[in-house]
Amino acid sequence: MHYKNSLYSLASIFICLALGYLTFAVFDLLPASLYGMCYFAFGLHLNVFDAKRVADTVSFMIKNISVCFVPAGVGIMNYFDLIRASGWQLLLFTIISTFALMIIVGWLYQTATTGKSRKRGQLVSKSTPESLTGKSPTSKPRTPKPPSEREQAL
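As the structure is a prediction and not an experimental result, all values here were calculated from the model. (Residues numbered from 1 in each chain as written. Predicted model: local features only at pLDDT ≥ 70, side-chain atom pairs only at ≥ 80, totals over all residues. Heavy atoms only, no water.)

*Asks:* Provide a residue-level description of the overall build of the protein, including the pertinent values.
*Replies:* Within the protein, the regular secondary structure consists of seven helices and two strands. Secondary structure elements of the protein occur, N-terminal to C-terminal, as α-α-α-α-α-β-β-α-α. In the protein, which comprises 154 residues, the share counted as buried stands at 12%. Carbon together with sulfur atoms contributes 69% to the accessible area of the protein, which is approximately 13,500 Å² in total. (Helix = DSSP H or I, 4+ residues; strand = E, 2+ residues; numbered from the N terminus. Buried < 20%, exposed > 50% of the residue type's maximum accessible area, 1.4 Å probe, protein only. Areas by Shrake-Rupley, 256 points an atom, 1.4 Å probe, with all protein chains shown as cover.)

What follows is the structure, encoded as structure tokens:
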């Protein structure tokens with residue numbers, strides 16, 4: 001029974017990968033494997049694939065994912081002299097670009113979720129009832145405040 005689950009898992013992964021390559025042929029924006037992973041995630045979410053049947057195979061793949069990183073390690077060893085010569089520049093660029101990306105993504109997320117806009121000189125969130133009606137749901141109509149004695153003296 002275990003081999004049937006493994007075959008089911010591998011077949012579902014390869015089907016999603018094939019769909020990823022088809023999508024890549026039409027939309028050349030992301031790698032085909034990323035499209036395939038998205039199809040696999042949606043398939044699991046929509047119960048197209050049985051999560052219990054693929055769990056063992058996916059767990060095995062995750063445990064042995066380090067094999068995928070061996071070529072990168074070999075590349076670092078082969079080009080160590082180049083990295084040593086300009087390593088500080090690579091490190092500086094990596095740090096700056098990482099923080100720039102975090103700032104931009106954070107700002108975009110904050111802008112998209114809060115949706116601040118200027119209304120009557122105040123910042124009002126677009127998602128509140130105030131933005132739809134112009135009034136707070138619990139606010140009472142404003143009555144003018146009587147002038148104080150000091151204001152009357154002026």
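*Asks:* Give me the packing of aromatic side chains: which residues, what numbers.
*Replies:* Scanning all chains against the criterion turns up one aromatic pair. A cation sits over an aromatic face here: Arg53 above Tyr8, 4.0 Å from the ring centre. (Phe/Tyr/Trp six-rings, centres within 6.5 Å; stacked < 30°, edge-to-face > 60°. Lys NZ or Arg CZ within 6 Å of the ring centre and 35° of its normal.)

*Asks:* Run through a nonpolar patch on the surface, naming residues and quoting values.
*Replies:* Taken together, Val26, Phe27, Leu29, Leu30, Leu34 and Met37 make up a surface patch of nonpolar side chains, about 620 Å² in accessible area. Examined against the element boundaries, Phe27 turns out to sit in the loop between helix 1 (2-26) and helix 2 (32-45). A relative accessible area of 48% means that Phe27 is categorised as partly exposed. (Patch = residues over 30% accessible without salt bridge, like charges linked within 9 Å, V, L, I, M, F, W, Y side chains within 5 Å. Salt bridge = Lys/Arg side-chain N within 4 Å of Asp/Glu carboxyl O.)

*Asks:* Lay out unusual backbone geometry in plain terms, naming residues and giving numbers.
*Replies:* With a phi close to 60°, Asn47 is a non-glycine residue in the positive phi region. One can find Asn47 in the loop between helix 2 and helix 3 (51-63).

*Asks:* Could you give an account of the layout of surface pockets, naming the residues involved and the relevant values?
*Replies:* In this structure, the largest pocket spans a volume of roughly 470 Å³. Around the largest pocket sit 13 residues that line it, and Ile13, Ser33, Met37, Phe40 and Met61 are the ones nearest its centre. Mapped onto the lining of the largest pocket, the elements with two or more residues apiece are helix 1, helix 2 and helix 3. If you tally residues by element for the lining of the largest pocket, the top one is helix 2, at four residues. (1 Å grid on protein atoms, 1.4 Å probe; cavity = no way out; pocket = protein on both sides within 12 Å on 5 of 7 lines; lining within 4 Å. Points joined across faces, edges and corners; volume = space filled by probe spheres on them.)

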